[in-house]
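# Fold and contact review
So the chains spell out like this:
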Amino acid sequence: MNGIRGDWQARAIQVLFVAAILLLWYYVSTSGLVGVIFLPPLPRVIDKFLQIIQTGSLYYNLAVTAYELAMAFSIASILGLSIGYFVGRSRIAVVIFEPLLAGLFAVPIIVFLPLFILFFGIDMQSKIAFGATYAFFPIVLNAIGGISQIDPRLIIVARSMGANEGQLFRRVLLPAALPVIATGLRIGCIIGFLSILGSEMIAGLRGLGSRIVTLAEGMNTVEMFAYIIFVILMAALLNVTLTRMQARFSAPREQP
Amino acid sequence: MTEIPAANDASSASSTMLRAEAGRLFRRHPGLARIAVIIVATLAWEVAGDTILDPDFLSPPSSIIHAMPRVFSDAGVQKALWASFYELVTAFVIVVIAGIAIGLPIGLHGFTFRSSMPLVLLLYSIPQVTILPLFVLYFGIGAGSKIAFGVSHGIFPIILNIVAGVQSVEQAHLIAARSMGATRFQSIRRVVLPHVTPSLFAGLRLAMSGTLLGVLLAELYVSTGGIGYYSRLFADSFDPPATFSLVAVLAFMAIVLNETVRIAERRASFWRTHRT
């Protein structure tokens with residue numbers, strides 16, 4: 001499944017598909033078959049897109065969302081990796097806590113969002129806490145998985161050669177678990193981003209998500225589409241960047 | 001048993017023996033230990049809720065249970081539960097039917113795979129939450145937008161899992177079936193489908209939580225009924241016990257659904273001895 005991502009054929013199909021969608025959008029929206037509110041004309045959306053890129057309000061909202069994501073991701077990483085390390089090192093703790101954490105992750109945390117807003121206020125803190133909660137689970141589950149699935153012989157060999165706890169961590173545990181942990185960090189970051197956007201849309205004062213909602217409520221669909229395109233591009237950029245970084249972490253193990 | 005043997009001192013022999021005893025018990029019955037953790041956490045929450053925490057925010061479990069009859073005897077809440085349930089079931093049925101109808105051809109047919117899979121992955125990579133206002137714009141403020149948003153969240157796990165499942169069918173089995181004279185339909189019915197079942201159920205599980213997430217997100221965003229609406233209403237009116245009891249029931253439902261699919265999965269793949 002991963003192989004087709006790098007395939008030029010697949011890329012070409014994707015590019016053609018996007019081009020076809022844009023072309024369809026252009027013709028449907030300029031033909032007058034549908035209302036401007038439902039599907040604004042593509043040229044106007046593109047104009048607006050270029051315009052918002054040149055003005056400040058986009059960057060303000062982008063900075064707010066990016067700050068929230070950075071905070072949420074840091075909190076989730078620190079908690080997730082440390083808890084994952086300590087749980088993953090003990091076989092009993094893995095058996096006890098891994099299903100509990102996986103079960104908690106199956107609960108739709110989104111229903112707690114009103115409580116997050118109640119506890120942390122409507123501004124950035126509630127988004128940070130919510131994003132951190134969602135990002136925590138993939139990170140901690142992957143950390144537990146990565147650490148606990150290390151071949152115990154590696155640990156025994158390192159110990160018998162006289163490695164202390166720090167050396168064991170740096171030379172054996174970390175390199176062996178890093179690919180799995182890196183996957184968890186990537187998924188956590190993406191989920192954190194999406195949940196921050198979602199929580200901004202449901203209740204928020206600033207940030208990209210609440211900007212989109214404000215525009216939707218004002219029936220300003222031209223600018224709303226411009227913002228949606230911008231956020232989709234941002235998400236794609238984030239995804240590509242994280243996938244590249246993750247590939248670098250796991251490169252030494254996956255070389256044929 | 002790869003545990004590193006604990007270096008115990010003789011001085012604290014009795015306590016280590018007790019701990020070893022507990023450790024052995026928990027190792028043999030991890031479910032028991034899990035329940036113990038849950039009970040300890042609930043008790044700690046109860047004690048903390050009665051003493052240090054502000055009951056107006058994180059209400060203790062006892063007050064949540066106390067609030068349950070009040071919340072669920074409310075006619076509005078009952079209607080909301082049914083509304084959400086209806087949206088969830090409708091979306092899930094659409095997800096399963098459409099997901100299988102899209103996933104099987106993509107997995108079975110090489111050309112379809114090469115031409116459609118990039119599109120599926122492209123669509124899957126769109127952050128759907130950003131287009132939530134579009135769903136409301138096109139499907140209205142009622143149940144339609146919730147169902148559509150649930151479908152858009154749930155359908156991709158099913159498609160991806162079915163495609164992966166179909167492609168994991170061993171070629172030797174297909175060749176064996178064909179050499180024994182199976183038609184294309186027979187080899188799909190007798191070889192491919194049984195192989196796909198485990199990953200189909202894994203996909204069903206992911207699709208269920210995805211659909212639930214989509215429906216709830218849309219309900220929280222804008223709605224006049226449904227669980228999302230009430231959980232927001234209770235929180236807005238500073239009634240955390242009511243919110244928690246609603247959420248507790250919902251979480252319980254999610255876990256039950258999850259376990260049901262998991263049990264069905266185990267039943268359907270009983271013949272796979274190498275994959276317990």
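Residues numbered from 1 in each chain as written. Chains lettered and ligands numbered in written order. Predicted model: local features only at pLDDT ≥ 70, side-chain atom pairs only at ≥ 80, totals over all residues.

Below, the discussion takes up the overall build of chain B. Helices and strands together make up the secondary structure of chain B, namely 11 helices and zero strands. Starting at the N terminus and walking to the C terminus, you meet the elements of chain B as α-α-α-α-α-α-α-α-α-α-α. For chain B, the residues scored as buried account for 35% of the 276 residues in total. Restricting the contact set of chain B to residue pairs at least 6 apart, pairs at least 24 apart contribute 73%. (Helix = DSSP H or I, 4+ residues; strand = E, 2+ residues; numbered from the N terminus. Buried ≥ 20, exposed ≤ 12 C-beta atoms within 10 Å, placed from the backbone. Contact = placed C-beta atoms within 7 Å.)

This brings us to the overall build of chain A. Summing up its helical and strand segments, chain A has 10 helices and zero strands in all. Start at the N end of chain A and walk to the C end: the helices and strands fall as α-α-α-α-α-α-α-α-α-α. By the burial criterion, 37% of the 256 residues in chain A qualify as buried. Expressed as a percentage of contacts within chain A between residues at least 6 apart in sequence, the contacts between residues at least 24 apart total 74%.

Residues and elements named next belong to chain B. Across its 25 residues, helix H7 (residues 143-167) extends 36 Å between first and last C-alpha, which sits within 8% of the 36 Å expected from 1.5 Å per residue. The sharpest bend along H7 measures roughly 30 degrees and falls at Gly 154, with the proline Pro 157 sitting one to four residues further on. Taken across its 25 residues, H7 has 22 buried, putting it largely inside the fold. (Expected span 1.5 Å × (residues − 1). Bend = angle between axes of the 7 residues up to and from the residue.)

Residues and elements named next belong to chain B. Remark: H7 packs on helix H9 (residues 184-221), axes separated minimally by 7 Å, with the N-to-C direction vectors making an angle of 160 degrees. It follows from the interaxial angle that H7 and H9 lie roughly antiparallel. Every pair of crossing elements has a handedness; the one defined by H7 and H9 is right-handed. Of the residues assigned to the contact of H7 with H9, the class counts are 17 nonpolar, 13 polar and two charged. (Axes fitted to C-alpha atoms, helices over the stretch in contact; angles between N-to-C directions. Parallel < 35°, antiparallel > 145°, perpendicular 65-115°, else oblique. Left-handed = near helix turned anticlockwise from the far one by under 90°. Nonpolar A, V, L, I, M, F, W, Y, C, P; charged D, E, K, R; others polar.)

Turning next to unusual backbone geometry. Even without a glycine there, the phi angle at Met 219 of chain A is positive, about 55 degrees. Mapped onto the elements, Met 219 of chain A comes out in the loop between helix H9 (208-217) and helix H10 (221-254).

With that out of the way, let us pick up the interface of chain A and chain B. With 43 residues of chain A at the contact, the number on the chain B side is 46 residues. By residue number, the principal contributor to the side of chain A that touches chain B is helix H4 (residues 91-106) of chain A, which donates eight residues.

It is worth spelling out the nonpolar core at this point. In terms of nonpolar packing, the biggest core is built from 118 residues, with Leu 113 and Ala 135 of chain A together with Leu 132, Leu 216 and Leu 217 of chain B touching the most fellow members. Residues contacting Leu 132 of chain B, with those up to four places away along its chain left out, are Met 201 of chain A together with Phe 149, Leu 217, Ala 218 and Tyr 221 of chain B. (Core = buried A, V, L, I, M, F, W, Y, C linked by C-beta atoms within 7 Å.)

Contact pair helix H1 (residues 8-31) of chain A / helix H5 (residues 110-124) of chain B: the axes reach a minimum separation of 9 Å and the direction vectors enclose 65 degrees. Handedness of the H1 of chain A/H5 of chain B crossing: right-handed. Contacts between H1 of chain A and H5 of chain B pair Gln 9, Ala 10, Ile 13, Gln 14 and Phe 17 of chain A from the former with Arg 114, Ser 115, Pro 118, Leu 119 and Leu 122 of chain B from the latter. Among the residues forming the contact of H1 of chain A with H5 of chain B, the class breakdown is six nonpolar, three polar and one charged.

As a further point, take H4 of chain A. Its 16 residues give H4 of chain A an end-to-end C-alpha distance of 23 Å, which sits within 8% of 22 Å, the value for a rise of 1.5 Å per residue. Within the span of H4 of chain A, buried status applies to Ile 96, Phe 97, Glu 98 and Ala 106 of chain A.

Residues and elements named next belong to chain B. Put simply, chain B has an average pLDDT of 80, and 87% of its residues get 70 or more. Note on residues 1-11: pLDDT is under 50 here. Beyond four places in sequence and across chains, it has three contacts. Predicted complex, confidence summary: ipTM 0.80, pTM 0.81. (pLDDT = per-residue confidence, 0-100.)

Checked against the element boundaries, Thr 130 of chain B lands in the loop between H5 and helix H6 (132-139). Apart from the residues within four sequence positions on either side, Thr 130 of chain B is in contact with Leu 197, Ile 212, Ile 228, Val 231 and Ile 232 of chain A.

Confidence in the prediction of chain A, expressed as mean pLDDT, is 85, and 95% of residues score 70 or more. Counting contacts from residues 1-5 of chain A, a segment whose pLDDT is below 50, to residues more than four positions away or on other chains yields five contacts.

Residue and element names in this part refer to chain A. Here Phe 38 is to be found in the loop between H1 and helix H2 (42-54). Given 13 C-beta atoms within 10 Å, Phe 38 falls into the partly exposed group. C-alpha of Phe 38 to C-alpha of Met 219: the two residues are 181 residues apart in sequence and 9.3 Å apart in space.

All right, on to the environment of Ser 223 of chain B then. Following the sequence through the fold, Ser 223 of chain B ends up in the loop between H9 and helix H10 (226-236). Each residue touching Ser 223 of chain B, except ones within four places of it in the same chain, is listed here: Gly 228 and Tyr 229 of chain B.

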